[in-house]
Each structure stands twice: as structure tokens, then as C-alpha cells.
Amino acid sequence: MTITLKYFGLLVDITHKKEEVFRLEEGKVSVSFLKSKMETAYEELKNTNYSIAVNQSMSSLDYNIKDQDVIAFLPPFAGG
């Protein structure tokens with residue numbers, strides 16, 4: 001399965017990337033599993049608050065990712 005990961009805001013500083021293509025060998029992958037995998041790859045993510053969107057929609061942790069999905073790691077929003 002091939003997915004695209006996109007990082008925004010301070011998450012770009014942590015990963016040193018705005019985007020990367022990620023290949024997963026596992027057949028069924030939840031957002032929770034991917035989050036754990038990314039926090040292992042980028043330790044600083046564990047201490048950071050962020051949300052995850054799949055194909056431009058906020059996602060629950062139990063959502064199953066599909067081939068070619070676009071996953072966005074979003075920092076907390078602020079503004080007025």
C-alpha cells in the first residue's frame with residue numbers, strides 16, 4: 001500500500017519534510033497504527049499535539065487507511 005503523508009506547521013520542523021510517500025507492507029492499517037509508526041520514526045511527535053486528516057477530512061484513530069490515501073498531520077489551530 002502506498003500513501004502520501006503531508007506535514008504542516010511545526011510538524012515540518014520535526015520531520016524536516018513537507019511531504020513524503022510512504023509504503024506499508026501491512027494489509028490493514030488504521031490511523032492509530034500509522035500514528036504509532038510515525039511517532040517511532042519521529043520521536044518528537046510523541047510530545048506534540050496534532051490532528052490527522054485523511055483525504056482532507058478529519059479522521060478517527062480507528063479509520064482504516066486505503067491505498068493512495070493522503071494523510072495530513074496538522075498542528076493545533078489558532079486564530080481569530
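Scroll up a little and you will see the structure.
The rules behind the values
Residues numbered from 1 in each chain as written. Predicted model: local features only at pLDDT ≥ 70, side-chain atom pairs only at ≥ 80, totals over all residues. Heavy atoms only, no water. Pairing = 2+ DSSP bridges. Helix = DSSP H or I, 4+ residues; strand = E, 2+ residues; numbered from the N terminus. Contact = heavy atoms within 4.5 Å. Polar contact = N/O pair within 3.5 Å; in protein donor to acceptor, adjacent residues only side chain to side chain. Salt bridge = Lys/Arg side-chain N within 4 Å of Asp/Glu carboxyl O. Buried < 20%, exposed > 50% of the residue type's maximum accessible area, 1.4 Å probe, protein only.

Moving on: the pairing of strand S4 (residues 51-54). When S4 meets strand S7 (residues 70-74), the two strands line up antiparallel, connected through four bridges. By the bridge assignment for S7, Val54 is matched with Ile71. Sheet topology places S4 next to strand S5 (residues 57-58); two bridges connect them, and they run antiparallel. Its bridge partner lying in S5, Val54 is registered against Ser57. Hairpin connection, S4 to S5: the antiparallel pair is bridged by two residues, and Asn55 has positive phi, about 50°.

Right, let's talk about the environment of Ser30 for a bit. Structurally, Ser30 can be placed in strand S3 (residues 29-30). Once residues within four sequence positions are removed from consideration, Ser30 is found in contact with Leu61, Asp62, Tyr63, Asn64 and Ile65. Of note is the side chain of Ser30, whose polar atom sits 3.1 Å from the backbone nitrogen of Phe33.

This part is about the pattern of salt bridges. Counting across every chain of the model gives four salt bridges. Between Lys35 and Glu39 there is a salt bridge, and its shortest N-O distance comes to 3.3 Å. Of the two residues, Lys35 and Glu39 are both situated in helix H2 (residues 31-41); the distance of four residues between them amounts to about one turn of the helix. Note that Lys46 is salt-bridged to Glu43, the shortest N-O span being 3.6 Å. What makes Lys46 partly exposed here is its relative accessible area of 45%.

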